[in-house]
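Below are the chains, spelled out letter by letter.
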Amino acid sequence: MEQIIISKTIDFVKETLAGAEAGHDWFHIERVFKTAKHINSLEKGDMLVVALAALLHDIADSKFNGGDEEIGPRIAGDFLQSLGLEPAIIAHVQQIIRNLSFKASLGEITFASKELDIVQDADRLDAIGAIGIARAFTYGGFKNRVLYDPEIKPQQYADKEAYKNTVAPTVNHFYEKLLLLKDLMKTDTGKQLAANRHEFMLSYLQQFFAEWEGIQ
């Protein structure tokens, strides 16, 4: 029964995200889903909750929906209700979606669970390393942001509204978010997987700045 629910959810996500921005499309969801399953195999959370939250976590990302942070949980909840899932499972998945993002961590945290930690780590792993670099520049191009501007320095965001409204160059995003994620991993597995991806980003930035100065 659980496999049927997951299969129907995969079909729903693929259909809903057809044509989505390339960094937040089905392939991003699939990577997070696979990584979450791997982490869960070691961390032993509720597999159904982990799978559904991983599959539905970006079903309607607020940054593509006018900043509406409830549209994702609402769409996910309506879909899961149509499958006849227990209210407790639906509520848990919705809470994970609400609290998953980096910007959510800049506000008040009112929910915690092992399953949130697992899916959050999986999502953050997809934001770093080689894939994370590709996604960062894909989104920067989508928003028509400059690659780098030496006159615009990275900043620390006091709250999630400031983070949501940034128009900073893409390279700044490494210092404002991506390089911070290694130390924000919650699970032991996530921490182990993040280490190499973090080092890869540091190497990339070293090469980037050398080429920027024309010395490499």
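Residues numbered from 1 in each chain as written. Predicted model: local features only at pLDDT ≥ 70, side-chain atom pairs only at ≥ 80, totals over all residues. Heavy atoms only, no water.

Q: Even after reading the chapter, I still don't get the environment of Ser41, so can you show me in this structure?
A: Checked against the element boundaries, Ser41 lands in helix α2 (residues 26–43). For the pair Ser41 and Tyr175, spaced 134 residues apart in sequence, the C-alpha separation works out to 31 Å. (Helix = DSSP H or I, 4+ residues; strand = E, 2+ residues; numbered from the N terminus.)

Q: Can you help me understand the packing of aromatic side chains in this one?
A: Ring pairs (aromatic) are described by centroid distance and by the angle formed between their planes. Under the counting rule described, the total for this entry stands at eleven aromatic pairs. For the ring pair Tyr148 and Trp212, a centre distance of 4.8 Å and an interplane angle of 80° mean the geometry is edge-to-face. Of this pair, Tyr148 sits in the loop between α7 (129–142) and α8 (160–164) while Trp212 sits in helix α10 (residues 188–212), and the two are 64 residues apart along the sequence. On the basis of relative accessibility, which here comes to 39%, the residue Trp212 falls in the partly exposed class. Three or more aromatic residues joined by ring pairs form one cluster here, namely Phe137, Tyr148, Phe174, Tyr204, Phe208, Phe209 and Trp212. (Phe/Tyr/Trp six-rings, centres within 6.5 Å; stacked < 30°, edge-to-face > 60°. Buried < 20%, exposed > 50% of the residue type's maximum accessible area, 1.4 Å probe, protein only.)

Q: Can you walk me through the packing of α2 against helix α3 (residues 47–56) in this structure?
A: Any two packed helices are characterised by the angle at which their axes cross and by the distance between the axes. At a closest axis distance of 8 Å, the pairing of α2 and α3 adopts a crossing angle of 160°. The orientation of α2 with respect to α3, classified from their angle, is roughly antiparallel. By crossing handedness, the relation of α2 to α3 is classed as right-handed. Residue-level inspection shows Trp26, Ile29, Val32, Phe33, Ala36, Lys37 and Asn40 of α2 in contact with α3, the latter providing Met47, Val50, Ala51, Ala54 and Leu55. Residue composition of the contact of α2 with α3, grouped by class: ten nonpolar, one polar and one charged. (Axes fitted to C-alpha atoms, helices over the stretch in contact; angles between N-to-C directions. Parallel < 35°, antiparallel > 145°, perpendicular 65-115°, else oblique. Left-handed = near helix turned anticlockwise from the far one by under 90°. Contact = heavy atoms within 4.5 Å. Nonpolar A, V, L, I, M, F, W, Y, C, P; charged D, E, K, R; others polar.)

Q: Help me out: how do you make sense of α10 in this one?
A: Residues lying three or four places apart along an α-helix face the same way, a consequence of the helix completing one turn every 3.6 residues. Its 25 residues place the ends of α10 36 Å apart at the C-alpha level, agreeing with the 36 Å of an ideal helix rising 1.5 Å per residue. Residue Ala194 marks the point of greatest curvature in α10, where the axis turns by about 30°. Among the residues of α10, Thr189, Gly190, Ala194, His198, Met201, Leu205, Phe208 and Ala210 are the ones counted as buried. As for α10, its buried residues are in contact with α2, α6 (114–125), α7 and α9 (170–176). Backbone geometry just after α10 places Gly214 at a positive phi near 75°. (Expected span 1.5 Å × (residues − 1). Bend = angle between axes of the 7 residues up to and from the residue.)

Q: How should the nonpolar core be read in this particular structure?
A: Counting 55 residues, the largest nonpolar core has Leu56 and Val93 as the members making the most contacts within it. Looking at this core element by element, the count peaks at nine residues for α3. Aside from chain neighbours lying at most four places away, what touches Val93 is Val49, Leu52, Ala53, Leu56 and Leu80. (Core = buried A, V, L, I, M, F, W, Y, C linked by side-chain atoms within 4.5 Å.)

Q: How do you make sense of helix α4 (residues 71–82) when you look at a structure like this?
A: For α4, spanning twelve residues, the distance from its first C-alpha to its last is 17 Å, which sits close to the expected 16 Å at 1.5 Å a residue. Those residues of α4 that are buried are in contact with α1 (2–16), α3 and α5 (87–99).

Q: What should I look at first to understand the packing of α1 against α3 in this one?
A: Two elements in contact, α1 and α3, have axes separated by 10 Å at closest approach and are oriented at 5°. By the criterion of interaxial angle, the relationship of α1 to α3 is roughly parallel. Within the contact between the two elements, α1 uses Glu2, Ile5, Ile6, Thr9, Ile10, Phe12 and Val13 and α3 uses Leu48, Ala51, Leu52, Leu55 and Leu56. Partitioning the contact of α1 with α3 into residue classes produces ten nonpolar, one polar and one charged.

Q: Please clarify how unusual backbone geometry should be interpreted in this entry.
A: Trans is the prevailing form of peptide bonds, just as negative phi is the prevailing case for residues other than glycine. Phi is positive for Lys44, close to 65°, though the residue is something other than glycine. Counting through the fold element by element, Lys44 comes out in the loop between α2 and α3.

Q: Whenever I open this one, the pattern of salt bridges confuses me. Can you help?
A: Between side chains of opposite charge, pairing is possible as soon as their charged atoms come close. According to the stated counting rule, one finds five salt bridges in the structure shown. The partner of Arg135 in a salt bridge is Asp126, with the nearest N and O atoms 3.6 Å apart. Accessibility assignment for this pair places Arg135 and Asp126 in one class, buried. Each member of the salt-bridge network shares a partner with another, and the members are Arg31, Asp126 and Arg135. (Salt bridge = Lys/Arg side-chain N within 4 Å of Asp/Glu carboxyl O.)

This is a description of form; function is not addressed.
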